[in-house]
Amino acid sequence: MNIFSGLDEIVETNYPLAKRTWYGLGGPADYFLRPKTVEQLKEVVQRCNENDIAIYVMGFGSNLLISDDGLRAAVIKLEADQFAQIHFDGEQLTAWAGVELSKLVLTCVQKGLSGIEALTGIPGSVGGAVKMNAGGNFGDIGAAVETVTLMDNQGNVFEKSKPELIFDYRLTNITAKFILSAQSKLSAGDPEQIMRTVKEIWIYKKNNQPLNTTNSGCIFKNPRGVSAGALIDRAGLKGLQIGGAVVSEKHANFIIAEKGCQSRDVIRLIDAIKQRVQEQFGIELELEIEIWK
Ligand SMILES: Cc1cc2nc3c(=O)[nH]c(=O)nc-3n(C[C@H](O)[C@H](O)[C@H](O)COP(=O)(O)OP(=O)(O)OC[C@H]3O[C@@H](n4cnc5c(N)ncnc54)[C@H](O)[C@@H]3O)c2cc1C
């Protein structure tokens, strides 16, 4: 019997993941599933468990590098209407995992609610941003989130709140498989002032990041007290190219995928950068992006 029988509407097989990553790279997944409800997500998890199928949860694929060989697994994406809801109760915000950050930021600006401006220009989903504690010089999502609703790999739904819920630099202590939604307490402010802050952050990013290229944001985390980009630059690696992967001239912590690039080119370039930085500065760079293989 077909593993996902009865769920044909939400499952695709041999699905090219390159279509779903910002890098536009990555081979096929055995199964690509977009459940429409929490109940359907539970059903999918159960079927995967019964059939020993590994599960990957994908947001907008803006922090992912997926192997050219693809994944012998089920990739689940929470993008249906149920997972794309935004609710306000006064200054209390509930954003579901599939909400696009840019849409969320602008909705809050329009409502005159301040607290998540730091997410401006980050091209991810709420689920991916919470998992990565996305942010930067202007703050991170963890500062705003108070409670998350999660589902574990058995389909149990539960909440986790601060102080039990901890956010650190590009890190959380969430171990549950699925982030379903996040709740934040925002503060009322002047929409024009909030918009000015959003614009300032946006201009900063435009000036400092190679935004009109195919990339996946910063490749490496900043080691304590140093910028990874500055180390890569000082090692003379700007412009270094392997296959179709090139170290950005604008921001050395970005690797650009040029036409014809494959994931293996990016991986080889990452290894080359790590080796040179280690040799020159004795610092081991740690990945910020996730590699799925
Ligand atoms: C041009 C550009 C600029 C960027 N700038 C920044 C920046 O300034 N700051 C920053 O922090 N990042 C930045 N990023 C990286 C990226 O946008 C963020 O990490 C973002 O939060 C990833 O969200 P996503 O939805 O794309 O997640 P994905 O890349 O799809 O997934 C990332 C991780 O989150 C997990 N995940 C996704 N959704 C869920 C869910 N619902 N439940 C459980 N786990 C989930 C995935 O399994 C994976 O582990 C940038 C990327 C690009 C391309």
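Before any of the text, the structure's been laid out above.
Q: Kindly report on the site of the ligand, identifying the contributing residues and their values.
A: Close contacts around the ligand come from 33 residues, with Val57, Ser62, Ser125, Gly135 and Glu290 the closest. Here Gly128 contributes a backbone N or O atom positioned 3.4 Å from a nitrogen atom of the ligand. Between the ligand and the protein, one listed contact pairs a nitrogen atom with a backbone N or O atom of Gly135 at 2.6 Å. Burial of the ligand by the surrounding chains reaches 95%, relative to a free accessible area of 960 Å². Considering each element in turn, the shell around the ligand owes the most residues, five residues, to helix H3 (residues 126-132). A breakdown of the residues in the shell around the ligand according to their chemical character gives 15 nonpolar, 13 polar and five charged.

Q: Summarise empty space enclosed by the protein; cite the residues concerned and give the values.
A: Going through the model one piece at a time under the given rule, you end up with one cavity of 30 Å³ or more. Space inside the largest cavity adds up to approximately 50 Å³. Every residue lining the largest cavity is listed: Leu93, Ala95, Leu104, Ile116, Leu119, Val126, Val130, Ile141, Val145, Ala182 and Ser184. Taken together, the residues that form the lining of the largest cavity break down as 10 nonpolar, one polar and no charged.

Q: Please give an account of the state of the cysteines that cites residues and values.
A: Using the criterion set out here, one finds zero disulfides in the structure. Counting only cysteine sulfurs, Cys218 is the nearest neighbor of Cys261, a cysteine outside any disulfide, at a range of 17 Å.

Q: Describe the sheet that holds strand E18 (residues 245-247), naming the residues involved and giving the relevant values.
A: Spatially, three strands are ordered E17-E18-E19 in an open sheet, and the strand pairing comes out antiparallel. With one partner strand each, in any of the chains shown, strand E17 (241-242) and strand E19 (255-257) form the two edges of the open sheet. Bridge count between E18 and E19: three bridges; the pairing is antiparallel. Directly across from Val246, in E19, lies its bridge partner Ile256. This element, helix H6 (residues 263-281), spans E17, E18 and E19 of the sheet and lies at about 35 degrees to E18.

Q: Lay out the environment of Asn156 with the relevant residues and their values.
A: If you trace the backbone, Asn156 turns up in the loop between strand E11 (145-151) and strand E12 (157-161). Considered as a pair, Asn156 and Lys42 are 114 residues apart in the sequence and their alpha carbons are 8.1 Å apart. If we ignore the near neighbours within four places in the chain, the residues touching Asn156 are Leu150 and Met151.

Q: Describe the nonpolar core, with residues and values.
A: Of all hydrophobic cores here, the largest spans 30 residues; its most connected members are Ile116, Val126, Val130, Val145 and Val148. Mapped onto this core, the elements with two or more residues apiece are strand E7 (92-96), helix H2 (101-110), H3, E11, strand E15 (178-185) and helix H4 (191-208). At five residues, the largest contribution of residues to this core is made by H2. Excluding residues that lie within four positions of it along the chain, Val126 makes contacts with Ala95, Trp96, Ala97, Val99, Leu101, Leu104 and Ala182. Counting residues in hydrophobic clusters, the runner-up holds 24 residues, among them Leu231, Ala257, Leu269 and Ile270.

Q: Residue-level account of unusual backbone geometry, with values.
A: Along the chain, Lys162 connects to Pro163 via a cis peptide bond; the corresponding omega equals 10 degrees. Position of Pro163 relative to the elements: it lies in the loop between E12 and strand E13 (167-168). Residue Asn14 is not a glycine yet carries a positive backbone phi of 50 degrees. With respect to the secondary-structure elements, Asn14 resides in strand E1 (residues 11-16).

Q: So, the sheet that holds E15: which residues are in play, and what are the values?
A: The five strands are arranged E6-E7-E15-E11-E12 in an open sheet whose pairing can be described as antiparallel. Only two strands of the sheet have a single partner each, and these edge strands are strand E6 (86-89) and E12. Here the average twist between neighbouring strands, direction ignored, is 20 degrees. Note that E6 and E7 share four bridges and pair antiparallel. Paired with His87 across the two strands is Thr94, which belongs to E7. Here H2 sits on the sheet in contact with E6 and E7, set at roughly 25 degrees to E6.

Reading the values: the criteria
Residues numbered from 1 in each chain as written. Predicted model: local features only at pLDDT ≥ 70, side-chain atom pairs only at ≥ 80, totals over all residues. Heavy atoms only, no water. Near = heavy atom within 4 Å. Polar contact = N/O pair within 3.5 Å; in protein donor to acceptor, adjacent residues only side chain to side chain. Areas by Shrake-Rupley, 256 points an atom, 1.4 Å probe, with all protein chains shown as cover. Helix = DSSP H or I, 4+ residues; strand = E, 2+ residues; numbered from the N terminus. Nonpolar A, V, L, I, M, F, W, Y, C, P; charged D, E, K, R; others polar. 1 Å grid on protein atoms, 1.4 Å probe; cavity = no way out; pocket = protein on both sides within 12 Å on 5 of 7 lines; lining within 4 Å. Points joined across faces, edges and corners; volume = space filled by probe spheres on them. Disulfide = S-S within 2.5 Å. Pairing = 2+ DSSP bridges. Contact = heavy atoms within 4.5 Å. Axes fitted to C-alpha atoms, helices over the stretch in contact; angles between N-to-C directions. Core = buried A, V, L, I, M, F, W, Y, C linked by side-chain atoms within 4.5 Å. Buried < 20%, exposed > 50% of the residue type's maximum accessible area, 1.4 Å probe, protein only.

In short, shape yes, function no, at least from these values alone.
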